[in-house]
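# Observations on chain architecture
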Amino acid sequence: MKVLVTGGTGYIGAHVTRGLAESGHDPVILDDLRASKRERAEGFVLEAVALEDTEGLFDVFARHRPDAVIHLAGSISVGESVRNPELYWQNNLGGGASLLLACARYPVQAFLFSSTAAVYGDTTVSPIPETAPMQPTAPYGSSKLAFERLLHGSAKSLGMRSAALRYFNAAGANPQWMVGEEHEPEEHLIPRVIGSVLENRALQVYGNDYPTGDGTCERDYIHVTDLASAHVAVIEADELESGRSFNVGTGHGTSVTQVIDAIGKRLEREPIVEVSARRPGDPASLVADPTALKSNLGWRPEHSSIEEIVDSAVQWDLVRRERAA
Ligand SMILES: NC(=O)c1ccc[n+]([C@@H]2O[C@H](COP(=O)([O-])OP(=O)(O)OC[C@H]3O[C@@H](n4cnc5c(N)ncnc54)[C@H](O)[C@@H]3O)[C@@H](O)[C@H]2O)c1
């Protein structure tokens, strides 16, 4: 299947692109490289076009005639979305709408969207099923939820199958592909802890008085290789009912302290930790109920123990530092 992967040079997109190719599909990357590097498309066709360039999208669709679209491109920071909400409406909703215009002109069979656990907002439900109330607390989550609705609402008239995957915390790197996290600025816990340990800097932990096992926040970490395999499974599932949104997580929470301990153990160094006040809007626990994805697709996370995630993230970080030196 020819699959257009928007955001295919980004962290998750680079894994999805390689996962598709390994499964015998033919991915074409669409990414304007605003948050990634051209090298990450090596070995693949790259169309460096922005989502908002609708005419440019028409041209890409006319030349490649994709069978399916996997839409990962977007703006990804919760904090930035609070400071600059317009960017999130423009990129995550407007950019997605532009892509749907291209699908209206050049029909595709399936459209798979990268959504997020942030659509649930500050929930007390744990683990979180897809039926939990959706009350996003920041424009990032609202823009993702708005596009999920636009996509599912328009899929039937566009004659395509739609699905959204709500990722929990994507983490790790595939050891063969070595295209791990390189966000700028990096806001995700695992690369931040690795950086602070390798550079002998103190790491801020925001609050240790949450109602969790050790008082620090719990999140559901999913290895990016497992995320990639979930995308391949959805794209291949012709019989899957259209308009479904699925959680992608493990169903298990790992606390900030457990992540820090695992990284200290892997690097054989003692992390320096400073506890500061809670950050507003950080829920105590965000853990997926992934039953729907498992039962509908037979998908299972195979690489998502915290040890495997941390080991692969450390390998990637060391490679990245060596390349930059
Ligand atoms: N990383 C996570 O833990 C996580 C969790 C939940 C959801 N997501 C979603 O997954 C997707 C990918 O996340 P990521 O961590 O790989 O981010 P990333 O920033 O590494 O990748 C996003 C890619 O999209 C491209 N892009 C952004 N806007 C574009 C536009 N208008 N036109 C063309 N290209 C554009 C960027 O250049 C980048 O390569 C995002 O939609 C994000 O919201 C990520």
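Above this note sits the structure.
Below or above, wherever it landed, is the structure these notes cover.

### Concerning the overall build of the protein
If you tally the helices and strands in the protein, you get 10 helices and 14 strands. Since a compact globule built from 325 residues should have a radius of gyration of about 20 Å, the 19 Å found for the protein is in line with a globular shape. Dimensions of the protein, computed from C-alpha atoms along their principal axes, come out at roughly 55 × 45 × 40 Å. The buried share among the 325 residues of the protein stands at 54%. The contacts in the protein between residues at least 6 apart in sequence include a share of 78% that link residues at least 24 apart.

### Considering the environment of Glu181
Checked against the element boundaries, Glu181 lands in the loop between strand 7 (169-171) and helix 6 (189-198). Polar contacts involving the side chain of Glu181 include one to the side chain of His188, which spans 2.6 Å.

### Concerning the layout of surface pockets
Estimates place the volume of the second largest pocket at around 250 Å³. Per-element tally for the lining of the second largest pocket: the top contributor is helix 10 (residues 306-324), with 4 residues.

### Brief notes about the site of the ligand
Around the ligand, the structure places 30 residues, and the nearest of them are Asp31, Leu72, Asn91, Tyr140 and Lys144. Note that a nitrogen atom of the ligand is positioned 3.2 Å from one of the side-chain N or O atoms of Asp32. In the complex, 96% of the free accessible area of the ligand, which totals 830 Å², lies under the protein chains. In terms of residues, the shell around the ligand owes the most to one element, strand 5 (residues 110-116), which gives 3 residues. Here the residues of the shell around the ligand sort into 14 nonpolar, 11 polar and 5 charged.

### Details of the sheet that holds strand 4 (residues 68-71)
Spatially, the 7 strands line up as an open sheet ordered 3-2-1-4-5-6-11, and their pairing is parallel. Single-partner strands in this sheet number two, and they are strand 3 (45-47) and strand 11 (244-248). Strand-to-strand twist of the sheet, defined as the mean angle between neighbouring strand axes without regard to direction, takes the value 20°. Of the strand pairs in this sheet, strand 4 and strand 5 are connected by 4 bridges, and their pairing is parallel. Across the sheet, the residue bridging to Ala68 is Ala110, located in strand 5. Lying on the sheet, helix 2 (residues 54-64) is in contact with strand 1 (2-6), strand 2 (26-30), strand 3 and strand 4; it crosses strand 3 at an angle near 155°.

### What to know about the sheet that holds strand 9 (residues 218-219)
An order of 12-9-14 is seen for the 3 strands of this open sheet, with the pairing classed as mixed. Looking at strand neighbours, the two that pair on one side only are strand 12 (254-255) and strand 14 (285-286), the edges of this open sheet. As judged from the 2 bridges shared by strand 9 and strand 12, these two strands associate in the antiparallel manner. The partner of Glu218 across the bridge, within strand 12, is Ser255.

### A closer look at the pattern of salt bridges
Between side chains of opposite charge, pairing is possible as soon as their charged atoms come close. Evaluation of the coordinates by the stated rule reveals 15 salt bridges. The salt bridge involving Glu241 is made with Arg244; its shortest N-O contact spans 3.6 Å. Owing to a relative accessible area of 23%, Arg244 belongs among the partly exposed residues under this scheme.

### Concerning empty space enclosed by the protein
The final tally for this structure, using the stated rule, is 1 cavity of 30 Å³ or more. A volume near 60 Å³ is recorded for the largest cavity. Around the largest cavity, the lining residues are Gly172, Glu181, Ile190, Pro191, Ile194, Ala313, Trp316 and Asp317. Breaking the lining of the largest cavity down by element, the ones donating at least two residues are helix 6 and helix 10. Counted by class, the lining of the largest cavity contains 5 nonpolar, 1 polar and 2 charged residues.

The rules behind each value
- Residues numbered from 1 in each chain as written.
- Predicted model: local features only at pLDDT ≥ 70, side-chain atom pairs only at ≥ 80, totals over all residues.
- Heavy atoms only, no water.
- Helix = DSSP H or I, 4+ residues; strand = E, 2+ residues; numbered from the N terminus.
- Rg over C-alpha atoms; globule rule 2.2 N^0.38 Å.
- Buried < 20%, exposed > 50% of the residue type's maximum accessible area, 1.4 Å probe, protein only.
- Contact = heavy atoms within 4.5 Å.
- Polar contact = N/O pair within 3.5 Å; in protein donor to acceptor, adjacent residues only side chain to side chain.
- 1 Å grid on protein atoms, 1.4 Å probe; cavity = no way out; pocket = protein on both sides within 12 Å on 5 of 7 lines; lining within 4 Å.
- Points joined across faces, edges and corners; volume = space filled by probe spheres on them.
- Near = heavy atom within 4 Å.
- Areas by Shrake-Rupley, 256 points an atom, 1.4 Å probe, with all protein chains shown as cover.
- Nonpolar A, V, L, I, M, F, W, Y, C, P; charged D, E, K, R; others polar.
- Pairing = 2+ DSSP bridges.
- Axes fitted to C-alpha atoms, helices over the stretch in contact; angles between N-to-C directions.
- Salt bridge = Lys/Arg side-chain N within 4 Å of Asp/Glu carboxyl O.

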